[in-house]
Amino acid sequence: MYDKNNIFATILRGEAECKKVYEDKNVLAFYDLHPSAPIHVLVVPKGEYKSFDDFASNSQNVADFFKAVQKIATKLELIKSGYRIVTNHGDDAGQIVPHFHVHILGGKKLDKLA
Ligand code: AMP
């Protein structure tokens, strides 16, 4: 069951603030409150999806969402230098906010994943 009171839902409803980077009819992107890199942006679909699994199973806009991610990375001028996209699904990944989102990380040489 989707939790309508999660922080990203409140941001999407305009009840909580965010530092907006991009918005279209399906997507909102804003800076992460606790950045893990010099540029750390969260890309959030406007529909009610708990995680990547829910989004990939139920959204009709998966391709459009990832095209928006590419557009935002371009707007952030990360294409040439490089960037990482990450999503956490569920407990083992450490998902904190139960609304699907993709992290865009860049602005420095990022640590290796392993
Ligand atoms: P995760 O669910 O593990 O992908 O992590 C959620 C991310 O959301 C973390 O990087 C938090 O720093 C970030 N976050 C939580 N609350 C806010 C907020 N109000 N505005 C921006 N970022 C947030």
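Anything mentioned here points back to the structure above.
Enquirer: Which residues make up the overall build of the protein chain, and what are the values?
Expert: Each helix and strand counted, the protein chain has three helices and five strands in total. The secondary structure elements of the protein chain, listed N-terminal to C-terminal, are α-β-β-β-α-α-β-β. For a compact globule of 114 residues, the expected C-alpha radius of gyration is about 13 Å, and the protein chain comes in at 14 Å, within 12% of that figure. By principal-axis analysis of the C-alpha atoms, the protein chain measures approximately 40 × 30 × 25 Å. Across the 114 residues of the protein chain, 38% fall into the buried class. By sequence separation, contacts in the protein chain at least 24 residues apart represent 53% of the contacts at least 6 residues apart. In the structure as shown, the protein chain presents an accessible area of about 7300 Å², 52% of it carried by carbon and sulfur atoms. With 15 positive and 14 negative side-chain charges, the protein chain shows a spacing of 9 Å between the two charge centroids.

Enquirer: I'd like a description of the pattern of salt bridges, backed by residues and values.
Expert: In the structure shown here, the tally under the stated rule is four salt bridges. A salt bridge links Glu48 to Lys4, with the nearest nitrogen and oxygen atoms 2.7 Å apart. With a gap of 44 residues between them, Glu48 in the loop between strand 3 (39–45) and helix 2 (52–58) and Lys4 in the segment before helix 1 (7–12) connect regions that are remote in the sequence. Through salt bridges that share partners, Lys20, Glu23 and Lys46 make up one connected network.

Enquirer: Go over the layout of surface pockets with me, naming the residues and quoting the values.
Expert: Roughly 510 Å³ of internal volume is contained in the largest pocket. Listing elements by their share of the lining of the largest pocket, those giving two or more residues are helix 1, strand 2 (27–31), strand 3 and strand 5 (102–106). Among the elements that line the lining of the largest pocket, the one with the most residues is helix 1, at three residues. When grouped by side-chain class, the residues that make up the lining of the largest pocket number 13 nonpolar, eight polar and three charged.

Each value, and the rule that gives it
- In this numbering scheme, every chain counts its residues from 1 along its sequence in written order.
- Where totals are concerned, whole chains, interfaces and linings use all residues; where local detail is concerned, this predicted model gives features only for residues with pLDDT of at least 70, and gives and counts side-chain atom pairs only at 80 or more.
- Side-chain metrics in this entry use all non-hydrogen atoms of the structure; hydrogen atoms and water are not considered.
- Per the convention used, a helix needs a DSSP run of H or I reaching at least four residues, while a strand needs a run of E reaching at least two, with both numbered from the N terminus.
- For the radius of gyration, the atom set is restricted to C-alpha positions; the globular benchmark scales as 2.2 Å times the number of residues to the power 0.38.
- Accessibility here uses a 1.4 Å probe with only protein chains present; expressed as a share of the type maximum, an area under 20% marks a residue as buried, one over 50% as exposed, and anything in between as partly exposed.
- Here a residue-residue contact requires only that any non-hydrogen atoms of the pair lie within 4.5 Å.
- Only the protein chains shown count as cover for residues, and all accessible areas are computed by the Shrake-Rupley method using a 1.4 Å probe.
- The positive count covers Lys and Arg only, the negative count covers Asp and Glu only, and His and the chain ends enter neither.
- In plain terms, the charge of a residue is placed at NZ if it is Lys, CZ if Arg, CG if Asp and CD if Glu.
- For salt bridges, the criterion is a side-chain nitrogen of Lys or Arg within 4 Å of an Asp or Glu carboxyl oxygen.
- Here the term cavity refers to a set of points on a 1 Å grid, laid over the protein atoms alone, in which a 1.4 Å probe fits but cannot get out; the term pocket refers to an open set having protein on both sides within 12 Å along at least five of seven lines, with lining residues being those that place an atom within 4 Å of a point.
- Grid points are joined across faces, edges and corners, and a volume is the space filled by probe spheres set on the points.
- The classification used treats Ala, Val, Leu, Ile, Met, Phe, Trp, Tyr, Cys and Pro as nonpolar, Asp, Glu, Lys and Arg as charged, and all other residues, Gly among them, as polar.

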